[in-house]
Amino acid sequence: MDKTLLFIVNPRAGKTKSSAPLFDAVATFGRAGYLVRVMLTQAAGDAARFAAQWGGGYDLVVCAGGDGTLNETLSGLMQLENRPPVGYLPNGSTNDFAASLRIPSSVQQAARAVVEGTPHPLDLGAHNDRYFSYVASFGAFTKASYSASQETKNALGHFAYILEGIKNLDSLRPYRCGVEADGESFDGDFIFGAVCNSTSLGGLVKLDPKRVHMDDGMFELILLRMPKTALDLQNLITALNRMDYDYPGVIFRHVRSVTVTTREDIPWSLDGEYAPSAPRVEIRNLHSAVQLMIQDDE
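Residues numbered from 1 in each chain as written. Predicted model: local features only at pLDDT ≥ 70, side-chain atom pairs only at ≥ 80, totals over all residues. Heavy atoms only, no water.

**Q** It is not clear to me how the packing of helix α2 (residues 46-54) against helix α3 (residues 67-77) should be interpreted in this structure. Could you clarify?
**A** When two helices pack together, their arrangement is captured by the angle between the axes and the distance separating the axes. Running from N to C, α2 and α3 cross one another at 30°; their axes reach a closest spacing of 7 Å. Regarding the angle of α2 to α3, the classification is roughly parallel. Like other packed secondary-structure pairs, α2 and α3 cross with a definite hand, here right-handed. Counting all contacts with α2, which are made through D46, A47, A48, A51 and A52, the residues of α3 involved are T69, E72, T73, G76 and L77. (Axes fitted to C-alpha atoms, helices over the stretch in contact; angles between N-to-C directions. Helix = DSSP H or I, 4+ residues; strand = E, 2+ residues; numbered from the N terminus. Parallel < 35°, antiparallel > 145°, perpendicular 65-115°, else oblique. Left-handed = near helix turned anticlockwise from the far one by under 90°. Contact = heavy atoms within 4.5 Å.)

Right under this line is the structure:
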């Protein structure tokens, strides 16, 4: 009896316009005994719709695209009671999440890793009524991440151009909000806040891999307070580069849930996709919500 695989492909994702790697991926799935149905996304929301509508009838759901395509696919599967395991072929301009999970960057190798891998539990996040796979963030490093054109992202890398902006104190926009995290409260002006399940945020903020686990029911919370002087800002950047979580301007915690309340307009980014402001945002860890096909370490 053949196994079945739903392959959701974002044909516009990423740096390469060649379809050859995706054909190779389908051949890899076929050799592994899967009957493959390919669904091409045409517009935002398609991947989520395909996953929700068809995913329950397949043994495995694999998506090819960037972090946004993965976010949609997982969001769609979350509508199902019985969720099939998921595979991810990173083919976007930013693949932070794949890097955290050590998923190969080559589509062909990632396809092999899917069919040779085993299902590993993965925590997802709920951001009010939406989902994210590795980061919900606001502030200095997020605004440009969803407003920049695809060409700019491809040319510069996702966050390279934002580093230029953060070096200038005048360009930083503080957001006044209250943050409650597992019983602790933090108030004040923050230039950046992130709730993440990843070891890299756009290649800028690096989290120590030894301190981050993707399936422990915990998120990593990072808050950066608004620097008062240019020297404070420089020290903050240095602390981030050194992964110095004890620097006074940095708040770093392992938490299960986070609530952010504000009277300001704070746009969010969920896995790089825009999410509108809300006076109260509740973020919860959905422990082991999905099973991701990953190759075990040798």
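Having seen the structure, we can now continue with the description.
**Q** Honestly, the pattern of salt bridges in this entry has me stumped. Any pointers?
**A** Pairing is possible between side chains of opposite charge, provided their charged atoms come close. Using the criterion set out here, one finds five salt bridges in the structure. Between E264 and R173 there is a salt bridge, with the nearest N and O atoms lying 2.9 Å from each other. With a gap of 91 residues between them, E264 in the loop between β14 (257-261) and β15 (268-270) and R173 in the loop between α8 (160-166) and β8 (175-181) connect regions that are remote in the sequence. Residue D189 is joined to R176 by a salt bridge in which the shortest nitrogen-to-oxygen separation is 3.1 Å. (Salt bridge = Lys/Arg side-chain N within 4 Å of Asp/Glu carboxyl O.)

**Q** Just to check I follow, could you spell out the side chain of T41 for this structure?
**A** If you trace the backbone, T41 turns up in the loop between β2 (34-40) and α2. With residues near it in sequence (within four places) discarded, T41 still touches I8, V9, N10, P11, R12, D46, A47 and F50.

**Q** What is the right way to look at the pairing of strand β5 (residues 118-127) in this model?
**A** Put simply, side chains in a regular strand alternate between the two faces of the sheet. Here β5 runs beside strand β17 (residues 280-294); their pairing, made up of nine bridges, is antiparallel. Residue pairing for β17: P121 is matched across the bridge by Q291. In the sheet, β5 pairs with strand β6 (residues 130-132) via three bridges, with the strands oriented antiparallel. Looking across to β6, one finds that H127 is bridged to R130. Hairpin connection, β5 to β6: the antiparallel pair is bridged by two residues, and N128 has positive phi, about 50°. (Pairing = 2+ DSSP bridges.)

**Q** Where do I start with the confidence of the model for the protein chain in this structure?
**A** For residues with low pLDDT, the predicted coordinates do not support detailed interpretation. The predicted model of the protein chain has a mean per-residue pLDDT of 84, with 81% of residues at 70 or higher. Here residues 142-146 scores under 50 on pLDDT; set against residues more than four positions off or in separate chains, the count is 20 contacts. Overall, residues 201-207 carries pLDDT values under 50, and its contacts beyond four positions in sequence, including any with other chains, amount to 29 contacts. (pLDDT = per-residue confidence, 0-100.)

**Q** Sorry, what's going on with the environment of G65 here?
**A** Inspection of the secondary structure assignment puts G65 in strand β3 (residues 60-65). In this structure, the C-alpha to C-alpha distance between G65 and N95, residues 30 residues apart in sequence, is 8.9 Å. For G65, the contacting residues outside a window of four places in its chain are N10, A13, Y88, L89, P90, N91, G92 and N95.

**Q** Quick question: what am I supposed to make of the environment of P11 here?
**A** As for its placement among the helices and strands, P11 is situated in the loop between β1 (3-9) and α1 (20-31). A residue is classified by how much of its surface remains accessible, and P11, at 39% relative accessible area, is partly exposed. Expressed as a C-alpha distance, the spacing of P11 and G92, which sit 81 residues apart in the sequence, is 9.9 Å. (Buried < 20%, exposed > 50% of the residue type's maximum accessible area, 1.4 Å probe, protein only.)

**Q** It is not clear to me how the environment of T73 should be interpreted in this structure. Could you clarify?
**A** Looking at the element boundaries, T73 is found in helix α3. Here the alpha-carbon distance between T73 and I8, two residues 65 residues apart in the chain, equals 7.9 Å. T73 has contacts with I8, A47, A48, A51, V61 and C63, leaving out every residue within four places of it along the chain.

**Q** I keep staring at the packing of aromatic side chains and nothing clicks. Help me out?
**A** Any aromatic ring pair is given by two values, namely how distant the centres are and how the planes are angled relative to each other. The final tally for this structure, using the stated rule, is four aromatic pairs. Plain terms: the ring middles of F138 and Y175 are 6.0 Å apart, the flat faces sit at 80° to each other, and that makes the pair edge-to-face. One end of the pair, F138, is in strand β7 (residues 135-139); the other, Y175, is in strand β8, and 37 residues separate them in sequence. Between F138 and W268 the ring centres are 5.2 Å apart and the planes differ by 70°, which places this aromatic pair in the edge-to-face class. Pair noted here: F138 is in strand β7 and W268 is in strand β15, with a separation of 130 residues, a long-range link. What makes W268 buried here is its relative accessible area of 2%. An aromatic cluster of three or more residues is present, and its members are F138, Y175 and W268. We note K3 situated over the ring of Y34; from NZ or CZ to the ring centre the distance is 4.4 Å. (Phe/Tyr/Trp six-rings, centres within 6.5 Å; stacked < 30°, edge-to-face > 60°. Lys NZ or Arg CZ within 6 Å of the ring centre and 35° of its normal.)

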